[in-house]
Amino acid sequence: MMGVLNVTPDSFSDGGKFFRSADAVKAALAMERAGADILDIGAESTRPGSTGISGEEELERLLPVLQGLREQLKIPVSIDTQKARVAEMAIGAGAAMLNDISGLRHDPKIAEVAARTGVPLILMHMRGTPRTMQKGPWAKDVVKDVSRGLRESVAIARRAGVRPSQIILDPGIGFGKSFAQNYELLEKLPALARLGYPLLVGTSRKGFLGATLTRDGTPLPAEERIWGTAATVAASILQGAHIVRVHDVEEMTQVVRVTDCLVNPRRRPKNTDE
């Protein structure tokens with residue numbers, strides 16, 4: 001389970017909540033205690049409509065948090081970035097994984113950083129850019145579109161020398177897909193698993209859940225989508241996801257542990273008198 005930590009003032013779900021480095025460090029340690037296996041830190045908002053920031057500003061937000069965690073956090077840190085320079089500096093500061101939402105389309109040199117350092121590289125599918133992705137047009141066949149895009153990202157990574165064992169794929173739930181297409185991708189995850197790489201799925205608090213869970217015709221706010229998130233986390237695991245990316249680590253730990261018992265008999269508890 002990957003816990004989400006946004007050190008930004010404007011992320012869609014928790015923007016500003018952990019913008020101060022001290023608050024971010026405290027939140028990261030709390031996620032570790034709550035059961036996170038990986039911590040994913042993002043210093044640039046990629047919410048729908050966002051326009052991005054410079055690499056210098058991204059590092060100003062990111063490096064103090066990494067420095068504050070270096071002697072305290074025991075789980076690996078993933079860096080959510082689209083910039084090779086940020087990726088390289090973050091690894092130098094202790095990060096152990098890279099997460100590129102653009103699938104190497106924004107800065108292909110991230111693949112060179114991953115190849116040189118040997119860290120795992122998450123390649124996500126995004127149709128368009130954060131500024132344009134929810135304006136459509138939507139793909140006619142979302143599974144084919146995502147599969148094709150992920151294959152292209154993998155090809156870039158492999159040409160740069162990234163080993164297959166380093167690569168993790170993310171279908172990009174909410175990134176340039178209609179609400180219905182997000183559900184279709186979850187339903188058809190096994191088709192994406194046939195690409196031959198571990199799958200990461202991030203549904204936490206996203207807009208398609210808000211559109212499903214309305215109150216008086218209005219989508220529920222992000223912080224009230226926890227049970228909808230829980231349903232999609234369980235579904236993702238049952239459909240073959242290897243990693244789920246979540247905001248509400250303590251609650252989703254229960255969901256993950258129970259769902260894991262459905263897919264892996266060895267994880268099931270035994271009666272004390274057996």
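These numbers come from a predicted model, not from an experiment.

Procedures and definitions
- Residues numbered from 1 in each chain as written.
- Predicted model: local features only at pLDDT ≥ 70, side-chain atom pairs only at ≥ 80, totals over all residues.
- Heavy atoms only, no water.
- Core = buried A, V, L, I, M, F, W, Y, C linked by side-chain atoms within 4.5 Å.
- Buried < 20%, exposed > 50% of the residue type's maximum accessible area, 1.4 Å probe, protein only.
- Contact = heavy atoms within 4.5 Å.
- Helix = DSSP H or I, 4+ residues; strand = E, 2+ residues; numbered from the N terminus.
- Expected span 1.5 Å × (residues − 1).
- Bend = angle between axes of the 7 residues up to and from the residue.
- Pairing = 2+ DSSP bridges.
- Salt bridge = Lys/Arg side-chain N within 4 Å of Asp/Glu carboxyl O.

A.B. asks: Let's hear about the nonpolar core: which residues, and what values?
C.D. replies: Core analysis: the biggest nonpolar cluster contains 71 residues, and Ile-41 and Leu-98 have the highest contact counts within it. With residues near it in sequence (within four places) discarded, Ile-41 still touches Leu-5, Val-7, Leu-62, Val-65, Leu-66, Leu-69, Val-77, Ser-78, Ile-79 and Asp-80. If you look at the next biggest cluster of nonpolar residues, it comprises seven residues, including Met-97, Ile-122, Leu-200 and Ile-243.

A.B. asks: Outline helix H2 (residues 55–69), listing residues and values.
C.D. replies: The α-helix winds at 3.6 residues per turn, so residues separated by three or four positions along the chain end up facing the same way. Here H2 spans 21 Å end to end across 15 residues, near enough to the 21 Å set by a 1.5 Å rise per residue. Of all the bends in H2, the largest measures some 25° and sits at Leu-62, one to four residues before the proline Pro-64. Of the residues making up H2, those classed as buried are Gly-55, Glu-58, Leu-59, Arg-61, Leu-62, Leu-63, Val-65, Leu-66 and Leu-69. Against helix H1 (21–34), strand S2 (38–42), strand S3 (77–80) and helix H3 (84–92) lie the buried residues of H2.

A.B. asks: I'd like to hear about the pairing of strand S10 (residues 243–246), residue by residue, with values.
C.D. replies: Regular strands place their side chains on alternate faces of the sheet. Of the two faces of S10, the one carrying Ile-243 and Arg-245 and the one carrying Val-244 and Val-246 are both buried. The sheet contact formed by strand S1 (residues 2–6) and S10 spans two bridges and is parallel. Each residue of the ladder has a partner; that of Met-2, found in S10, is Arg-245. Bridge count between strand S7 (residues 200–201) and S10: two bridges; the pairing is parallel. When the sheet's bridge partners are listed, Leu-200 is paired in S10 with Ile-243.

A.B. asks: Quick rundown of the pattern of salt bridges? Include the residues and the values.
C.D. replies: All told, the structure shown has 13 salt bridges when counted by the stated rule. Across the pair Arg-148 and Asp-145 runs a salt bridge, and its minimum N-O distance is 3.2 Å. One end of the pair, Arg-148, and the other, Asp-145, are both in helix H5 (residues 142–159), three residues apart, so they sit about a helical turn from each other. A relative accessible area of 46% means that Arg-148 is categorised as partly exposed. Exposure remark for Asp-145: the relative accessible area of 10% places this residue in the buried category. Note that Arg-205 is salt-bridged to Asp-248, the shortest N-O span being 2.7 Å. You can see Arg-205 sitting in the loop between S7 and helix H8 (207–212) and its partner Asp-248 sitting in the loop between S10 and helix H10 (249–263), a full 43 residues away along the chain. Looking at Arg-205, the relative accessible area reads 12%, which means it is buried. Classification of Asp-248 as buried rests on a relative accessible area of 14%. Connected through salt bridges with shared partners, the residues Asp-40, Asp-80 and Arg-245 form a single ionic network.

Treat this as a map of the structure, not an account of what it does.
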